[in-house]
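Coordinate inspection notes
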Amino acid sequence: QVQVAESGGGLVQAGGSLRLSCAVSGGRFNSYTIGWFRQAPGKEREFVAGISRYGYTYSADSVEGRFAINRDNGENTVYFEVNKLKPEDTSVYYCAASTSDSYPTREEEYACWGQGTQVAISS
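Everything in this summary refers to the structure shown in the same document. (Residues numbered from 1 in each chain as written. Predicted model: local features only at pLDDT ≥ 70, side-chain atom pairs only at ≥ 80, totals over all residues. Heavy atoms only, no water.)

Observations regarding the overall build of the protein chain
Quick reminder of the rule: Only runs of H or I of at least four residues qualify as helices and only runs of E of at least two qualify as strands under DSSP, and these elements are numbered from the N terminus. When we talk radius of gyration, it's over C-alpha atoms, and the globule rule is simply 2.2 Å times the number of residues to the 0.38. When a residue's accessible area, from a 1.4 Å probe over protein chains only, is under 20% of the maximum for its type it is buried; when over 50% it is exposed; and in between it is partly exposed. Contact definition: two residues touch when any of their heavy atoms are within 4.5 Å. Positive charges come from Lys and Arg alone, negative charges from Asp and Glu alone, with His and the N- and C-terminal ends not counted. Lysine's charge is taken at NZ, arginine's at CZ, aspartate's at CG and glutamate's at CD.
Looking only at helices and strands, the protein chain has zero helices and 11 strands in total. Beginning at the N terminus, the succession of helices and strands in the protein chain can be written as β-β-β-β-β-β-β-β-β-β-β. Against the 2.2 N^0.38 benchmark of 14 Å for 123 residues, the protein chain shows a C-alpha radius of gyration of 13 Å, consistent with a compact globule. Split into buried and exposed, the 123 residues of the protein chain put 43% on the buried side. Sequence separation of 24 or more characterises 58% of the internal contacts of the protein chain that already satisfy a separation of 6 or more. Across the protein chain, 11 positive and 14 negative side-chain charges occur, with their mean positions spaced 2 Å apart.

Notes on the sheet that holds strand S1 (residues 3-7)
Consider a sheet: its strands pair through backbone hydrogen bonds, and that pairing is either parallel or antiparallel. Stated formally: At least two DSSP bridges between two strands are needed for those strands to be called paired. Each axis is a line fitted through C-alpha atoms, taken for helices only over the stretch in contact, and angles between the N-to-C directions span 0 to 180 degrees.
Taken in spatial order, the four strands of this open sheet run S1-S3-S8-S7, and their pairing is antiparallel. Taken across any chain shown, the strands that pair with only one partner, and hence form the sheet edges, are S1 and strand S7 (67-72). On average, each strand axis in the sheet is inclined to that of its neighbour by 15°, with strand direction left out of account. With six bridges connecting them, S7 and strand S8 (residues 77-82) associate as antiparallel partners. Residue pairing for S8: Ala 68 is matched across the bridge by Glu 81.

A short note on the pairing of strand S3 (residues 18-25)
Looking at chain direction, S1 and S3 are connected through five bridges and run antiparallel. Note on S3: the bridge partner recorded for Val 4 is Val 24. Bridge count between S3 and S8: six bridges; the pairing is antiparallel. If you follow Arg 19 over to S8, its bridge partner there is Glu 81.

Some remarks on the state of the cysteines
What counts, and what does not: Throughout, disulfides are identified as pairs of cysteine sulfur atoms within 2.5 Å of each other.
A complete count under the given rule lists one disulfide for this structure. No disulfide involves Cys 112; its nearest neighbouring cysteine sulfur is the one of Cys 95, lying 8.1 Å away.

Some points on the pattern of salt bridges
What counts here: Throughout this description, the term salt bridge denotes a Lys or Arg side-chain nitrogen within 4 Å of a carboxyl oxygen of Asp or Glu.
Throughout the structure, instances matching the rule amount to six salt bridges. With a shortest N-O distance of 2.9 Å, Asp 101 and Arg 53 are connected by a salt bridge. Separated by 48 residues along the polypeptide, Asp 101 in the loop between strand S9 (91-98) and strand S10 (112-113) and Arg 53 in the loop between strand S5 (46-51) and strand S6 (57-59) bring together distant segments of the chain. Look at Arg 53 and you get partly exposed, because its relative accessible area is 35%. Salt bridges sharing partners connect three or more residues here, namely Arg 38, Glu 46, Arg 66 and Asp 89.

Structural data, given as structure tokens:
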């Protein structure tokens, strides 16, 4: 079955940028929409951004205008970049795989999840 794994988290100064990676294995890479979610301590997991198997991207208002997401089909990896980072971006970030082509944003639309990578933003 398909598996995903996130990497690239760390401590970043506010105003900087960070690139996260989601490696996909065990399935046909171009069959899935890949989504990114985040969860801060004590808060619900929320959708951040996604990319369809055709390369179309979409995002939540929280990162609109300051993100880039793309997929490298040769490496079976999705890259997610956020710039102009804010302290409120501090969260554990998760990537997930969905068979939906309808721009899924809900947890239940994603069947496979990674373990998460922590991002902390300092002033």
